[in-house]
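One letter stands for each residue in the lines below.
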Amino acid sequence: MSSHPDSESSGASTALPIHIQGLTKKYGQMFALDSVDLEVKSGEFLTLLGPSGSGKTTLLMAIAGFNRPDAGSIRFGETEVILTPPHQRNVGMVFQSYALFPHMSVAENIAFPLKLRGIAAAETAQRVEAALTTVQLDGLGDRDIEQLSGGQRQRVALARAFVFRPRILLMDEPLSALDKKLREQMQIELKHLHEQLGVTTVYVTHDQREALTMSDRIVVINHGKLTQIDTPHNIYNHPANAFVADFIGESTMLPLEHDGSGKLFFQDHLVETDFKTDAARNWSLVIRPERLFMADKKAVDSEKAIVFSGVVRDFVFQGETAFALMSINDKYDLAFRFGTDSSSSQNILQAGDQVSLGLNRSDVIIIPQGDDS
Ligand code: ADP
Ligand code: MG
């Protein structure tokens, strides 16, 4: 969204941190949220990422005040809000379904939260104009909602969510109804809008790439429990367990054996030389397909990289990258992915080819086996 010269007129007031402790919500015997602890920093863009049914919406609605948790605490800054009704929490909300008023114009939709708050007409008009500029809908204030495209409707919903300068903005899969191109464009725009407004933002998506693109930090949620909270970089490069490694990005997991003196092996490949563990645990090696490279076994320094050899079992061209599976001893399939530029000898791979793939030791990821960390 374009940057507005007068950020006061479109922007939020000071951001607030959110402190969540022991938040639990049951539906019958099922824990939709299971003792969730979460600190959302003032002004950050935090994304709840998890599969369908993992509890994302339940958590967001608890923050907004639309559902009543069975136990736990939610504080906005110093203020406990668990008993505060939604309209007094003063948070902005955006939903996948837009939830606009169809019988009102664009400007009337955006003005609605200002009317509720008794803001004078002149100031309302001025703030609505500024909000329209921020979401790149200048001049469209008089349009009917029906006359807008999906992307434009979602911009109106956004403008309505921040026009009253909430200190917290909550968004539940706001881009899911848009097609891929527009969705990717809006991801970048939303990120810029957040930078401009500086409002504490909790964003929900089930799309890992969207989460990686937009977030300061990502919370991975599964079965109502928070699995990992970290930056996109660390979530991808240092997944805490198999669930995170599998849900975010592509990966191959290979079982490791511990020799009792700090060495970890995959078959006869030495993976780690000084690994500290309690012996009761089993470990897996996680390999990101794009981190593998075609290797000449003799030319690779084994201090720096591990080399796996096998037979190409499957090979597919997918445009910007190609994807292949290499079978190791007919027992494990190693996924690998590489660029498709014309200079690349990797273009001429075929099923049945004998290949060696290198993995730099700095790209080694080791996780405990099983989904729990
Ligand atoms: P997500 O947004 O991650 O897809 P939800 O928070 O909507 O997941 O749902 C979490 C779990 O709680 C799911 O198993 C869902 O079926 C259940 N659930 C959500 N809302 C209700 C409800 N009103 N009544 C009963 N079960 C619900
Ligand atoms: Mg949901």
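All of the points below concern the structure found in this document. Here the structure is a predicted model, which means the values were calculated and not measured.

Cut-offs used in this document
Residues numbered from 1 in each chain as written. Chains lettered and ligands numbered in written order. Predicted model: local features only at pLDDT ≥ 70, side-chain atom pairs only at ≥ 80, totals over all residues. Heavy atoms only, no water. Helix = DSSP H or I, 4+ residues; strand = E, 2+ residues; numbered from the N terminus. Buried < 20%, exposed > 50% of the residue type's maximum accessible area, 1.4 Å probe, protein only. Contact = heavy atoms within 4.5 Å. Areas by Shrake-Rupley, 256 points an atom, 1.4 Å probe, with all protein chains shown as cover. Lys, Arg positive; Asp, Glu negative; His and termini not counted. Charge placed at Lys NZ, Arg CZ, Asp CG, Glu CD. Patch = residues over 30% accessible without salt bridge, like charges linked within 9 Å, V, L, I, M, F, W, Y side chains within 5 Å. Salt bridge = Lys/Arg side-chain N within 4 Å of Asp/Glu carboxyl O. Phe/Tyr/Trp six-rings, centres within 6.5 Å; stacked < 30°, edge-to-face > 60°. Near = heavy atom within 4 Å. Polar contact = N/O pair within 3.5 Å; in protein donor to acceptor, adjacent residues only side chain to side chain. Axes fitted to C-alpha atoms, helices over the stretch in contact; angles between N-to-C directions. Parallel < 35°, antiparallel > 145°, perpendicular 65-115°, else oblique. Left-handed = near helix turned anticlockwise from the far one by under 90°. Nonpolar A, V, L, I, M, F, W, Y, C, P; charged D, E, K, R; others polar. Expected span 1.5 Å × (residues − 1). Pairing = 2+ DSSP bridges.

1. Quick look at the overall build of the protein
For the protein, the helix and strand inventory stands at 10 helices and 20 strands. Seen along its three principal axes, the alpha-carbon backbone of the protein occupies a region of about 75 × 50 × 35 Å. For the protein, the proportion of its 373 residues judged to be buried stands at 50%. In the protein, the proportion of contacts linking residues at least 24 apart, taken out of those at least 6 apart, comes to 67%. When the accessible area of the protein is evaluated, it comes to approximately 17600 Å², of which 49% is carbon and sulfur surface. The centroid of the 35 positive side-chain charges in the protein is displaced by 3 Å from the centroid of its 47 negative side-chain charges.

2. A few points about a negative patch on the surface
On the surface, a cluster of negative charge is made up of E108, E129, D138, D142, D144 and E146. Among the secondary structure elements, D144 is positioned in the loop between α5 (121-134) and α6 (150-162).

3. Description of the packing of aromatic side chains
The full count for this structure, using the stated rule, is eight aromatic pairs. For the ring pair F45 and Y203, a centre distance of 5.4 Å and an interplane angle of 40 degrees mean the geometry is tilted. Placement of the pair is F45 in strand β3 (residues 45-49) and Y203 in strand β8 (residues 200-205), with a sequence separation of 158 residues. Taken individually, F45 and Y203 each receive the classification buried, so the pair is uniform in this respect. Ring geometry for F243 versus F247: centroids 5.6 Å apart, planes at 10 degrees, classification stacked. On the criterion of helical spacing, the pair formed by F243 and F247 is a turn pair, its members being four residues apart in helix α10 (residues 242-247). Residue classification places F247 among the partly exposed positions, given a relative accessible area of 22%. Aromatic ring contacts, followed pair by pair, group F266, F308 and Y332 into a single cluster.

4. A few points about the site of ligand 1
Close to ligand 1 lie Y27, M30, A32, P51, S52, G53, S54, G55, K56, T57 and T58. A distance of 3.1 Å separates an oxygen atom of ligand 1 from a polar atom in the backbone of S54. In this structure, an oxygen atom belonging to ligand 1 sits 2.9 Å away from a side-chain N or O atom of T57. Summarising the interface, the protein chains cover 58% of the accessible area of ligand 1, which totals 560 Å² for the free molecule. Put simply, the parts of the chain that give the shell around ligand 1 at least two residues each are β2 (30-40) and α2 (56-64). Top contributing element to the shell around ligand 1 by residue count: α2, with three residues.

5. Things to note about the pattern of salt bridges
For the coordinates displayed, the defined rule picks out 11 salt bridges. One salt bridge connects R155 with E189, and the closest N-O pair in it is separated by 2.8 Å. With a gap of 34 residues between them, R155 in helix α6 and E189 in helix α7 (residues 180-197) connect regions that are remote in the sequence. Classification of R155 as buried rests on a relative accessible area of 8%.

6. Observations regarding the side chain of E44
Among the structural elements, E44 can be located in the loop between β2 and β3. When sequence neighbours within four positions are dropped, the list of residues in contact with E44 reads E39, H194, V199, T200, T201, D216 and R217.

7. Overview of the packing of helix α4 (residues 106-116) against α6
As a packed pair, α4 and α6 sit with axes 7 Å apart at the nearest point and diverge in direction by 25 degrees. Classified by the angle between their axes, α4 and α6 sit roughly parallel to one another. Between α4 and α6 lies a crossing of right-handed hand. Packed against α4, whose contacting residues are V106, N109, I110 and P113, the element α6 presents V156, A159 and R160 at the interface. Broken down by class, the residue content of the contact of α4 with α6 amounts to five nonpolar, one polar and one charged.

8. Details of α6
Think of an α-helix as turning once every 3.6 residues; residues three or four places apart then point the same way. For α6, spanning 13 residues, the distance from its first C-alpha to its last is 19 Å, which sits close to the expected 18 Å at 1.5 Å a residue. The buried fraction of α6 is high, at 10 of 13 residues.

9. Points about the sheet that holds strand β6 (residues 91-95)
The strand order across the open sheet built from six strands is β6-β7-β8-β3-β9-β10, with neighbouring strands paired in mixed fashion. The two strands at the open ends of the sheet, each matched to only one other strand, are β6 and β10 (225-230). Each strand of the sheet is rotated relative to its neighbour by a mean of 15 degrees, with strand direction disregarded. Bridge count for strand β9 (residues 217-222) against β10 is five bridges, and the pairing is antiparallel. Across the sheet, the residue bridging to N222 is K225, located in β10.

10. Quick notes on the sheet that holds strand β5 (residues 79-80)
The antiparallel open sheet is built from four strands, whose spatial order is β2-β1-β4-β5. Both outer strands of the open sheet, β2 and β5, are each paired with one neighbouring strand and no more. One ladder, built from two bridges, connects strand β4 (residues 71-76) with β5; its direction is antiparallel. Looking at β5, one finds that F76 is bridged to T79. Helix-sheet contacts for α2 involve β1 (18-27), β2 and β4, and the interaxial angle to β1 is about 120 degrees.

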